[in-house]
Amino acid sequence: MVFGGRYIFLSTFFAGVFLILLAQPLRAEPSFETDVLPILRANCFRCHGEKTHKAELSLTNQARLLKGGESGEAVVPGKPQESLLYELLRDGDMPPEKEKPRPTKAQIETIRAWIAAGAKFAGGKIETARVTQHDVIPIMLLRCTVCHGGRRREAKLDLRTRASMLAGGKSGPAMVPGRPQDSLLLKRIHAGEMPPRRKLVEVSIKVMLPNEIKTVSRWIAQGAVEISDPPGLATGKPDPLVSDKDRDFWAFHPPRKPAVPKLKDAAQVRNPIDNFILRRLQAKGLTLSPEADRLTLLRRAHVDLIGLPPTPEEVKAFLADSDPRAYEKLIDRLLASPHYGERWGRHWLDLAGYCDSEGIQHSDPLRPFAYRYRDYVIRSFNNDKPYDRFLLEQIAGDELADYENAKTITQELYDNLVATAFLRMSADGTFANITGFVPDRLKVVDDQMEVLGSAVMGLSLKCARCHSHKFDPIPQRDYYRLTAMFKGALDEHDWLRPRRQSGEPGSKDRYLPFVTDQERRAWQEKTKNLKGKEKEKHPQPLIRALWDRGEPSPTYILRRGNYLTPGRLVQPGVPAALTDGKTPPEIKPPWPGAKKTGRRLALARWLVEDDHPLTARVMVNRLWKRHFETGIVATLDNFGRAGARPTHPELLDYLATEFVRRGWSIKTMHRLVMTSATYRQSSKVTAQAERLDPENRLLWRTPLRRLDAETLRDTLLAVAGRLDLTQFGPPQGVKVRADGLVTSVAGPKGWRRSVYVQQRRTQIPTILENFDLPRMNPNCITRPVSTVAPQALHLLNNAMIHDLAGKFAERVREEAGDDPRQQIQRAWLIALGRQPTSEEREIASVSLEQLTDLWVKLLENGADPKEAARRALHNFCHALMNSAAFLYVD
């Protein structure tokens, strides 16, 4: 009875619940028009409505919503967790934090329920998206055209276009529109015959994915629909992604020459730079520091311009020059020095990401001819090559003149080709099949965009690879339009591996044989009687270059930067934010009959237009940074909205316009900057100035700077008399000890300057790495300045440093004799470019005497007293090499 009673009770309970549920009105599934659209209109149409389509996304109707935007599909019916619309709303990423109103939790739940129920629209029907050739061609490019494309047509089959698929190959048409089951292309794919499994790794591709096969099948089933390609920009219509309001930012407008400020007190002014600096200083109640003494200026100028200390003879000559223009003459002499290009070329090599090896894999193979680019850069700076020409050659040197049909390869033609290695310096693992797939190639392309953006344009372009830039008006579309400008030479679907083979223009490596006639004849003469292994020791001279091959594949936006989710087709172009949106770059073959696109040449010419908003500004800002430690814009690679604002905007524009007016001459800008009173002031700190401007942003003094890695190493070698000043050619090698210490290998005349030491990614010389020489990834805009224990320990304990200190001591003894006081003065002059102060001289004398006494005690009885003095001088010179006065530039 108990059990029966419980049963009756439960039955009655559930029956009651059921009746209650029946009494509730059934809730209809959410519909787009009545439930979802009002939420979107209230919260999202500001950015994704009828007029504004940020990230190329509009949420106004079924077609646009299902089409999605640059990041992919906004809605996946039945799958809210895979739908970007729900994901971004749920996580609070959209609308942006500052935007109001924002959808409530209940509204977001409504959108989730609508998607989960199938994302139905009026009529309950979801339109099936039409598949076009632009959905299929990216698949063909990714999976098939490596064997059935422009360069290679196995079975005479080309799968790059609808027409070529219909034309077919040896076996007939590749497809039959409307009949996927009869299409040879799909038959071979379904049978697992294509692509051939045994060749996948050889050509670095993978088999077609199921969703890709489905897309191809749908396209053929729908009749292989082909639509016209979208036009480029500048059609006369407003750009839907970049407005005039977006362009309203100081860095996106051309620089205009400002009037030079007039000052009440102009006593310190030496040139217009000082007017701009003093105006802000005087407004703050400050002024420039007094001018530094002559020897301080001498060492400062030497380090800044040639990266080497002044010799005792140069110190003597400068002090003896009574000409009022002695300092100006010093600047001219240093700018004319062959070592100027070594110093300032190294700065540019940082921007290019220069390396003598490929990186990526542990093997880190060497680049046998990378040094040609290093030498080109050094010669360009020494010759004061106009910066606009310098950029033209590096970005599009192969499109400046017809080198392939030239009767003679002149130095100019050679330089044009060598210069293009600017875009070949980032790490490139595509030399190997296993690291040569499309994603690996796209990484190389992305690195080149980063190098171009950070070094030349001062913009963080890489942020727009996966999505529209969060801060600057650079839509994802413009990133891919810019990559399309390089597609003739850097095509992920028509790739040249960074390997040295024949070097012939039609080969599959990235080397060309067009060295100067003189070098070619010298090599032929040297090897004419050599055979076998002996001849292999003298390989054909080649150039590591980038060149346009004339038949680029189409460029598609990659949604979220994923090569597996291509979006819409884009045409080559430049960032719309830096143009008026109405004038496209003029792209045409560089000369009649040229088999080149002319795209990079159009880009390069646009970059060096006199009124380009960024090119001149970015370069003069970088030059300013090298002389004053901080740029007028502190973020050297980011002039956009997220970057720093210029401390002296009018001065920046004055320098930029002067740079262009004076023929883009870098040396002229050095003279202007270094002859200013601002540059010539001392580094002395005053309490009032430090209180009013603690960070020295207004430049009331010259900043104290530590020698960078190369200058420190070169200076150590120079004072020891072991610096080999041989220029150019293959790099000096390095060796790696078992404990990991990496050192450069000395030659007959000593060690070469650091710029000529092999720059292998996995074997950076330890002293350079300790003092902040970076690993290029892909380049270096601003080197860090660290203060860490390994720096002091290296200078104190390293065997090579000890040897150099010994050579330094020998030099001092040879030039000053055995008199300790004369030795101290000579050591100071060699190492620091000046005589010691009376206090320094007294401390040094006592120290040297104590060291000598100590060595007398340490050496065995009867030892030569001169040996004790020699060892003491060795210790003294070693200490001087470790001193702050040696390591820092005042």
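Residues numbered from 1 in each chain as written. Predicted model: local features only at pLDDT ≥ 70, side-chain atom pairs only at ≥ 80, totals over all residues. Heavy atoms only, no water.

1. Quick notes on the overall build of the chain
Thought 1: Each helix and strand counted, the chain has 37 helices and 10 strands in total.
Thought 2: Principal-axis analysis of the C-alpha atoms gives the chain an extent of 115 × 75 × 75 Å.
Thought 3: The buried share of the chain, taken over its 890 residues, is 54%.
Thought 4: By sequence separation, contacts in the chain at least 24 residues apart represent 68% of the contacts at least 6 residues apart.
Thought 5: A total of about 41000 Å² of accessible surface is found on the chain, and carbon and sulfur atoms cover 54% of it. (Helix = DSSP H or I, 4+ residues; strand = E, 2+ residues; numbered from the N terminus. Buried < 20%, exposed > 50% of the residue type's maximum accessible area, 1.4 Å probe, protein only. Contact = heavy atoms within 4.5 Å. Areas by Shrake-Rupley, 256 points an atom, 1.4 Å probe, with all protein chains shown as cover.)

2. Description of the pattern of salt bridges
Thought 1: Under the definition given, this model contains 67 salt bridges.
Thought 2: For E586, the salt bridge identified is with K588, shortest N-O distance 3.5 Å.
Thought 3: The exposure class assigned to E586 is exposed, which follows from its relative accessible area of 61%.
Thought 4: With a shortest N-O distance of 3.0 Å, E815 and R811 are connected by a salt bridge. (Salt bridge = Lys/Arg side-chain N within 4 Å of Asp/Glu carboxyl O.)

3. Focus: the packing of helix α7 (residues 133-143) against helix α11 (residues 210-221)
To characterise two packed helices, one gives the angle between the axes of the helices and the distance between these axes.
Thought 1: Viewed as axis vectors pointing N to C, α7 and α11 meet at an angle of 135 degrees, and their least axial separation amounts to 10 Å. One element, α7, and the other, α11, form an angle in the oblique class. For the pair α7 and α11, the crossing hand works out as left-handed. Residues Q133, D135, V136, I139, M140, L142 and R143 of α7 form the contact with α11, whose participating residues are E212, T215, V216 and W219.
Thought 2: Of the residues belonging to the contact of α7 with α11, the class tally is six nonpolar, two polar and three charged. (Axes fitted to C-alpha atoms, helices over the stretch in contact; angles between N-to-C directions. Parallel < 35°, antiparallel > 145°, perpendicular 65-115°, else oblique. Left-handed = near helix turned anticlockwise from the far one by under 90°. Nonpolar A, V, L, I, M, F, W, Y, C, P; charged D, E, K, R; others polar.)

4. Section: the domain arrangement of the chain
By convention, interface size is frequently given as the accessible area that disappears when the constituent parts associate.
Thought 1: When the domains of the chain are assigned, the result is domain 1 (7-116), domain 2 (133-221), domain 3 (291-337), domain 4 (386-607), domain 5 (705-788) and domain 6 (799-889).
Thought 2: Taking only C-alpha atoms, the centre of domain 3 and the centre of domain 4 are 41 Å apart. (Domains from an automatic or database assignment.)

5. Here's the deal with the packing of aromatic side chains
Thought 1: Tallying each qualifying case throughout the model produces 25 aromatic pairs.
Thought 2: A centroid spacing of 5.8 Å and a plane angle of 35 degrees characterise the contact between Y387 and F659, whose relative ring orientation is tilted. Within this pair, whereas Y387 is found in helix α18 (residues 387-396), its partner F659 is found in helix α26 (residues 649-661), the two being separated by 272 residues in sequence. Each of the two residues, Y387 as well as F659, counts as buried.
Thought 3: Taken together through their ring pairs, the aromatic side chains of Y340, W348, Y373, Y376, F381, Y387, F390, F422, F659 and W664 make up a single cluster. (Phe/Tyr/Trp six-rings, centres within 6.5 Å; stacked < 30°, edge-to-face > 60°.)

6. A short note on empty space enclosed by the protein
Thought 1: Considering all chains together, one arrives at eight cavities of 30 Å³ or more under this definition.
Thought 2: Taken as a whole, the largest cavity encloses approximately 110 Å³ of empty space.
Thought 3: Considering the residues around the largest cavity, the lining is formed by 15 residues, among which R713, T743, I767, H794 and M800 are closest to the centre.
Thought 4: Of all the elements in the fold, those that place two or more residues in the lining of the largest cavity are α30 (709-719), β8 (742-744), α31 (766-770) and α33 (799-816).
Thought 5: Residue classes in the lining of the largest cavity are distributed as nine nonpolar, five polar and one charged.
Thought 6: When residues are assigned to domains, the lining of the largest cavity turns out to be shared by domain 5 (705-788) and domain 6 (799-889), each giving three or more. (1 Å grid on protein atoms, 1.4 Å probe; cavity = no way out; pocket = protein on both sides within 12 Å on 5 of 7 lines; lining within 4 Å. Points joined across faces, edges and corners; volume = space filled by probe spheres on them.)

7. Some words on unusual backbone geometry
Thought 1: Of note, the bond from M194 into P195 is cis; its omega dihedral lies within 30 degrees of zero at -10 degrees.
Thought 2: Its place among the elements puts P195 in the loop between α9 (184-190) and α10 (200-203).
Thought 3: Of note in this structure, F728 is not a glycine but carries a positive phi near 65 degrees.
Thought 4: Here F728 lies in the loop between β6 (723-724) and β7 (734-736).
Thought 5: Owing to a relative accessible area of 26%, F728 belongs among the partly exposed residues under this scheme.

8. Some thoughts on the nonpolar core
Thought 1: Among the nonpolar cores identified, the biggest contains 182 residues, and W348, Y373, L603, W624, L655 and F808 are the most heavily contacted of them.
Thought 2: Ranked by residues supplied to this core, first place goes to helix α20 (residues 438-457) with 10 residues.
Thought 3: Core analysis: the second largest hydrophobic core is formed by 21 residues, F45, L57, A74 and I115 among them. (Core = buried A, V, L, I, M, F, W, Y, C linked by side-chain atoms within 4.5 Å.)

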